[in-house]
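Descriptive structure summary
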Amino acid sequence: MRHIAVIGSGPAGYYTAEACQKLFGDQVRVDIIDRLPVPYGLIRTGVAPDHQSIKGVSRRYEAVALTDNVRFVGNVSVGRDVSIEELRRLYDAVVLATGAPLDRPLDIPGADLPGVVGSAAFVGWYNGHPDFAGLGPALDGPGAVVIGNGNVALDVARILAKTEAEFDGSDIVTHALTCLRASHITTITLLGRRGPHQIAMTPKELGELGHLTRAQPIVDARDLPPEGDDALLEPGQRKSVMHLRDFATRAADAGKAVKVVFDFFAMPVAIEGDGRAERIIVEKTRLEPNGAAVGTGETYAIPASLIVSCIGYRTPPIEGIPYDDRAGRFANDEGRVLPGLYAVGWARRGPTGTIGTNRPDGIAITERIAEDIGEGAGKAGRPGLDALLESRGVEVVTFRDWQKIEAAENAAAREGSPREKFTSIEAMLGARGA
Ligand code: NAP
């Protein structure tokens, strides 16, 4: 029997468990450990609440979780309740599927002013992550700036731009909906330090911005490279740029009160304000032949009371585990970190790719594990972990418990919404008895 512990119950964790089931059949026991009492990681707290079809993949993870050889071990914090070293003693393989929940730091003066938030916090807030439920972002407007030209920046801009009716069918938490309903924001500036050809936005997601009820995307045609240059782009990127070209041709729509302005070749250099963010200073850039943005010395200010930095993520280091500080993830050789210790998903490769990218990643790490551990070394596995956690008085949340929490969330949903998420750990734990 092979005993495998996976730390983190997001896509990387569940695809690894699924791959273990396929490869090892009955001869494996996988424990998926999560510090929250609820599973699915980024599917629950990262994917935008108005993208329910993407969240549907959790049904596939549920099918994995409901088998005998995979177990969800929720409400267990590795580092507090059990150490990595203890897990390595108990299991043949320990897989770090911890994602990249920290924001890459915005290293400019004024980044610590109230009103400046990272995307992890902002996205966590509208998605009901217990760590960020109390964020209370400054929506007293009229200006908001979203730094970055990736899909997360796009999510944040879209959520700020939508009307209440446009959240029908979503599972945005009520505290965020209430705040957004009272928002005074009328200009959302998307700040890209490079140009239209360098955006990291996928076409479907970018196209959505062109169909919002009260918001109009604005692109300055002068920022666009000559149309013939689009032929040099790979097809997906070309489609994204086509959306920008379409936005640039649209006449100002007086009926749309909210503007989503693409400000290209604009690098943030400072945030200023009297006790809170009031404006961001940006420097115009030009592109070097290698594609890097360099400042031109020309600066200007954009008024903003809310500044959301969406410039990528980092995996938090763990003491004693090799870490690649430059890349912001665990140092690894194709997922191998130390003997018996592996990394998968964003913790292995950094914050790139879609949910589906984690599936081949999970398969690949399972193959490495198979090569390394043979048929297992007769380790204690599940019963060993249970005994340790019990001796420490840790209150474990099982998958059956989660199903009760889920049923309570579904029952509490607003009309038309699939669920109303609990936003505190206490409320989640309390719902197990429901
Ligand atoms: P991302 O795709 O890496 O985009 C980060 C953006 O931040 C880039 O435009 C980057 O510009 C910019 N940036 C980085 N450092 C900066 C700085 N110091 N100043 C100004 N701009 C800076 O990251 P992400 O948006 O966080 O997304 C993470 C992953 O999740 C991506 O693979 C994304 O596609 C995926 N995701 C997908 C969806 C979806 O499919 N619906 C939704 C959300 C996220 P440069 O290019 O110049 O570095």
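Here the structure is shown first, and the text comes after it.
Read on for a plain summary of the structure. Quantities reported herein were computed from a predicted structural model and do not represent experimental measurements. (Residues numbered from 1 in each chain as written. Predicted model: local features only at pLDDT ≥ 70, side-chain atom pairs only at ≥ 80, totals over all residues. Heavy atoms only, no water.)

Another aspect to go through is helix α14 (residues 399-411). When the terminal C-alpha atoms of α14 are compared, their 18 Å separation across 13 residues agrees well with the 18 Å that a helix rising 1.5 Å per residue should span. Regarding α14, the residues found buried are F399, D401, W402, I405, E406, A408 and E409. For α14, the angular spread of buried residues about the axis comes to 165°, placing them on one side. Seen from the buried face of α14, the exposed residues on the opposite side, beyond 90 degrees, are R400 and A411. The elements touched by buried residues of α14 are α1 (11-24), α2 (42-45), α4 (58-65), β3 (70-73) and α15 (425-430). (Helix = DSSP H or I, 4+ residues; strand = E, 2+ residues; numbered from the N terminus. Expected span 1.5 Å × (residues − 1). Buried < 20%, exposed > 50% of the residue type's maximum accessible area, 1.4 Å probe, protein only. Arc of directions from axis to C-beta. Contact = heavy atoms within 4.5 Å.)

With that settled, the discussion passes to the pattern of salt bridges. Tallying each qualifying case throughout the model produces 34 salt bridges. The partner of D386 in a salt bridge is R71, and the shortest N-O contact between them spans 3.0 Å. Linking D386 in helix α13 (residues 381-391) with R71 in strand β3, this pair joins segments that are 315 residues apart in sequence. (Salt bridge = Lys/Arg side-chain N within 4 Å of Asp/Glu carboxyl O.)

Now for the side chain of E420. By secondary structure assignment, the location of E420 is in the loop between α14 and α15. Residue classification places E420 among the buried residues on the basis of a relative accessible area of 16%. A distance of 2.8 Å separates the side chain of E420 from the side chain of T174, its partner in a polar contact. In contact with E420, other than residues within four places in its own chain, are V173, T174, E409, A412, A413 and R414. (Polar contact = N/O pair within 3.5 Å; in protein donor to acceptor, adjacent residues only side chain to side chain.)

Let us now look at the packing of aromatic side chains. Enumeration according to the criterion identifies twelve aromatic pairs in this entry. Here the aromatic rings of Y15 and Y61 are separated by 5.2 Å at their centres, their planes lie at 90°, and the arrangement is edge-to-face. Here Y15 is found in helix α1, whereas its partner Y61 is found in helix α4, with 46 residues between them in sequence. Each of the two residues, Y15 as well as Y61, counts as buried. Members of the aromatic cluster, each reached through a chain of ring pairs, are Y14, Y15, Y40, Y61 and W402. (Phe/Tyr/Trp six-rings, centres within 6.5 Å; stacked < 30°, edge-to-face > 60°.)

Around the ligand there are 21 residues in total, and N149, N151, R193, R194 and G353 lie nearest to it. E205 places a side-chain nitrogen or oxygen 3.2 Å from a nitrogen atom of the ligand. A distance of 2.9 Å separates an oxygen atom of the ligand from a polar atom in the backbone of G353. Here the ligand, which alone exposes 920 Å², has 79% of that area covered by the protein. When residues in the shell around the ligand are grouped by element, the largest group, three residues, is from helix α7 (residues 151-161). Here the residues of the shell around the ligand are counted per class, giving nine nonpolar, seven polar and five charged. (Near = heavy atom within 4 Å. Areas by Shrake-Rupley, 256 points an atom, 1.4 Å probe, with all protein chains shown as cover. Nonpolar A, V, L, I, M, F, W, Y, C, P; charged D, E, K, R; others polar.)

On to the nonpolar core. Core analysis: the largest hydrophobic core is formed by 42 residues, its most contacted members being L160 and F262. Among the secondary structure elements, those contributing two or more residues to this core are α6 (119-126), β7 (143-147), α7, α8 (174-181), β8 (187-191), α10 (235-249), β10 (258-263) and β14 (306-309). Counting residues per element, this core draws most heavily on α7, at seven residues. Not counting residues up to four positions away in its chain, the partners in contact with F262 are L190, M201, L206, L209, P217, I218, V219, L244 and F247. Ranked by size, the runner-up nonpolar core spans 39 residues in total, among them Y40, Y61, I405 and A408. (Core = buried A, V, L, I, M, F, W, Y, C linked by side-chain atoms within 4.5 Å.)

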